[in-house]
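Structure assessment
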Amino acid sequence: MRVAVVGATGLVGTKMLQVLAERNFPVSELIPVASAKSVGKEVEFKGTKYKVVGMEEAIAAKPNVALFSAGGGTSTEWAPKFAAAGITVIDNSSAWRMDPKVPLVVPEINADVLTSNDKIIANPNCSTIQMVVALAPLHKAYHAQRIVVSTYQSVTGTGVKAVSQLKGERQKEVAGTEEGYEMAYKYPIDLNVIPQIDVFLDNGYTKEEMKMVNETKKIMQDDSIRVTATTVRIPVMGGHSEAVNIEFEDDFDLAEVRHLLETAPGIVVADDLANQHYPMPKDAHEKDEVFVGRIRRDESQPNTLNLWVVSDNLRKGAATNAVQIAEYLAANNLI
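These numbers come from a predicted model, not from an experiment. Throughout, residues of each chain are indexed from 1 in the direction in which the sequence is written. Local features in a predicted model are, by the rule used here, given only for residues with pLDDT of at least 70; side-chain atom pairs are given and counted only at 80 or more, and totals for whole chains, interfaces and linings are based on all residues. Only hydrogens and water are removed before side-chain values are computed, so all heavy atoms of the structure are retained for them.

Some remarks on the pairing of strand S4 (residues 48-51)
Here four bridges tie strand S3 (residues 42-45) to S4, and the two strands are oriented antiparallel to one another. Bridge assignment links glutamate 42 to a residue of S4, and that residue is lysine 51. Linking S3 back to S4 in an antiparallel pair, the connection comprises two residues, with lysine 46 at a positive phi of about 50 degrees. Any two strands with at least two DSSP-identified bridges between them are counted as paired. For helices the rule is a DSSP run of H or I covering at least 4 residues; for strands it is a run of E covering at least 2, with both sets numbered from the N terminus onward.

Some thoughts on the packing of helix H1 (residues 11-22) against helix H10 (residues 315-331)
Each axis is a line fitted through C-alpha atoms, taken for helices only over the stretch in contact, and angles between the N-to-C directions span 0 to 180 degrees. Following both chains from N to C, one finds H1 and H10 inclined at 50 degrees, their axes separated by 9 Å at the closest point. With respect to their mutual orientation, H1 and H10 come out oblique. Handedness of the crossing formed by H1 with H10: right-handed. In this structure, H1 contributes Val12, Lys15, Met16, Gln18, Val19, Leu20 and Glu22 to the contact, and H10 contributes Arg315, Ala318, Ala319, Thr320, Ala322 and Val323. For the contact of H1 with H10, the residue count by class is eight nonpolar, two polar and three charged. Throughout, the term roughly parallel applies to angles under 35 degrees, roughly antiparallel to angles over 145, roughly perpendicular to angles from 65 to 115, and oblique to all others. With the far helix as reference, a near helix turned anticlockwise by less than a right angle produces a left-handed crossing, and one turned clockwise produces a right-handed crossing. Here, residues are in contact when the closest pair of their heavy atoms is within 4.5 Å. Note that Gly is not counted as nonpolar here; it falls among the polar residues with everything else outside the nonpolar set of Ala, Val, Leu, Ile, Met, Phe, Trp, Tyr, Cys and Pro and the charged set of Asp, Glu, Lys and Arg.

Describing the packing of aromatic side chains
For Phe, Tyr and Trp, rings pair up if their centres lie within 6.5 Å, where Trp contributes its six-membered ring, and each pair is then called stacked (planes under 30 degrees apart), edge-to-face (over 60) or tilted (otherwise). Following the criterion strictly, the structure yields six aromatic pairs and no others. On the numbers, 5.5 Å between centres and 65 degrees between planes, the contact of tyrosine 142 with phenylalanine 248 is edge-to-face. Of the two residues, tyrosine 142 is situated in helix H5 (residues 126-142) and phenylalanine 248 in strand S10 (residues 240-248); the sequence distance between them amounts to 106 residues. The exposure class of phenylalanine 248 is buried, given its relative accessible area of 1%. A network of ring pairs unites the aromatic residues Tyr142, Phe248 and Phe252 as a single cluster. The ring of tryptophan 78 carries lysine 81 above its face, with NZ or CZ at 4.2 Å from the centroid. Whether a charge sits over a ring depends on NZ of Lys or CZ of Arg being within 6 Å of the ring centre and within 35 degrees of the ring normal. Over the aromatic face of phenylalanine 252 sits the side chain of arginine 297, whose NZ or CZ is 4.2 Å from the ring centroid. Under the scheme applied here, a residue whose accessible area is under 20% of the maximum for its type counts as buried, over 50% as exposed, and between as partly exposed, the area being computed with a 1.4 Å probe on protein chains only.

Some words on H10
Multiplying 1.5 Å by the helix residue count minus one yields the expected span of that helix. For H10, spanning 17 residues, the distance from its first C-alpha to its last is only 21 Å, which falls clearly below the expected 24 Å at 1.5 Å a residue. Along its length, H10 shows its largest kink, about 40 degrees, at asparagine 321. Burial runs high along H10: 13 of the 17 residues are buried. Just past H10, the residue asparagine 333 takes up positive phi, approximately 55 degrees. At any given residue, the bend is defined as the angle formed between two axes, one fitted to the seven residues that end at that position and one fitted to the seven that begin there.

Notes on the environment of leucine 11
Considering the arrangement of structural elements, one finds leucine 11 in helix H1. The exposure class of leucine 11 is partly exposed, given its relative accessible area of 27%. For the pair leucine 11 and alanine 319, spaced 308 residues apart in the sequence, the C-alpha separation amounts to 9.7 Å. Once residues within four sequence positions are removed from consideration, leucine 11 is found in contact with Thr156, Gly159, Val160, Val163 and Leu314.

Quick look at the nonpolar core
Nonpolar core, defined: a set of buried Ala, Val, Leu, Ile, Met, Phe, Trp, Tyr and Cys residues in which side-chain atoms within 4.5 Å join the residues together. The biggest cluster of nonpolar side chains holds 56 residues, and the ones touching the most others in it are Phe82, Ile147, Val292 and Leu307. Of all the elements, H5 adds the most residues to this core, at nine residues. Excluding residues within four positions of it along the chain, valine 292 makes contact with Ala134, Leu261, Ile267, Val268, Val269, Ala270, Pro279, Leu307, Trp308 and Val309. Core analysis: the next-biggest nonpolar cluster, separate from the first, contains 30 residues, Val52, Ala111, Leu114 and Val323 among them.

Looking at the layout of surface pockets
Taken as a whole, the largest pocket spans an internal volume of roughly 1000 Å³. Buriedness for pockets is judged along seven lines, at least five of which must meet protein on both sides within 12 Å for an open set on the 1 Å grid over protein atoms alone, while cavities are sets there where a 1.4 Å probe fits but cannot get out, and lining residues have an atom within 4 Å of a point. Lining the largest pocket are 44 residues, with Val12, Ser69, Gly71, Gly157 and Thr158 positioned closest to its centre. Of the residues belonging to the lining of the largest pocket, the class tally is 16 nonpolar, 20 polar and eight charged. Here the second largest pocket defines a volume of roughly 240 Å³. Grid points are joined across faces, edges and corners, and a volume is the space filled by probe spheres set on the points.

Listed below in structure tokens is the structure:
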């Protein structure tokens, strides 16, 4: 299968190449694609070096599938051109997620909506993906009515520049040296938290927060679920963490909740209070699962559950989810 990776030199694009190799996706020809300034550079895949090409050359190569991770503007311009050439695009940006004609897919939940006619498929927001993976089996059993979520998100969600800022600030603090780095954020991130991810909207929420609200409803195919979110950037690099409070229509048994989570695809329950065992970003780093712990009843109101949900945002939150979509398409002869 001919596979293009658009944005192959970025953080997520690099991770896509890694995940494709690890999962042994049947790549017969790899076409790494990037912006004009990166054309001619080399990327490595399974021990072989490949030269980065531009968009037009990639379309001419007629890949079966193109994994996009090059930003919303690039996706808006180029995804339709790839699609028009008969190439199936799996897009990691926010450009197409809320388009009613474009499926928004987390394979464990709603891959069955995909058909061979879907030439642009949207990969959800990283913080949404891990939350709905944990939510899906519980929603099916008890019907979620309202979700209150606060996130603790890795700097890797911003990109290389943010990682450099954090490392530069840490080096300066620890060793007293002046590291050269650009500011990805308006404020220092080391020894700090920033309660803003993406731009503010007229309602006082950020775009990231509203992504979680709107994408959850679309993926779960249930507009009745009420969601409110506060998204926060913290100085870690292993993955995103979330405190999720879910109010259900029906009451639940905690033992059954644990069983549902333990047997659901893509979830690892890490919840052993006696040994202080719970999910942390460093444990989720470079893993594809969504880790769930601190499972407890909200004692302030009925039918309400608290969860702590952690996942590697570059993997399940981005690259792995996209590759899993491609795997489903290949397995079902949709590409």
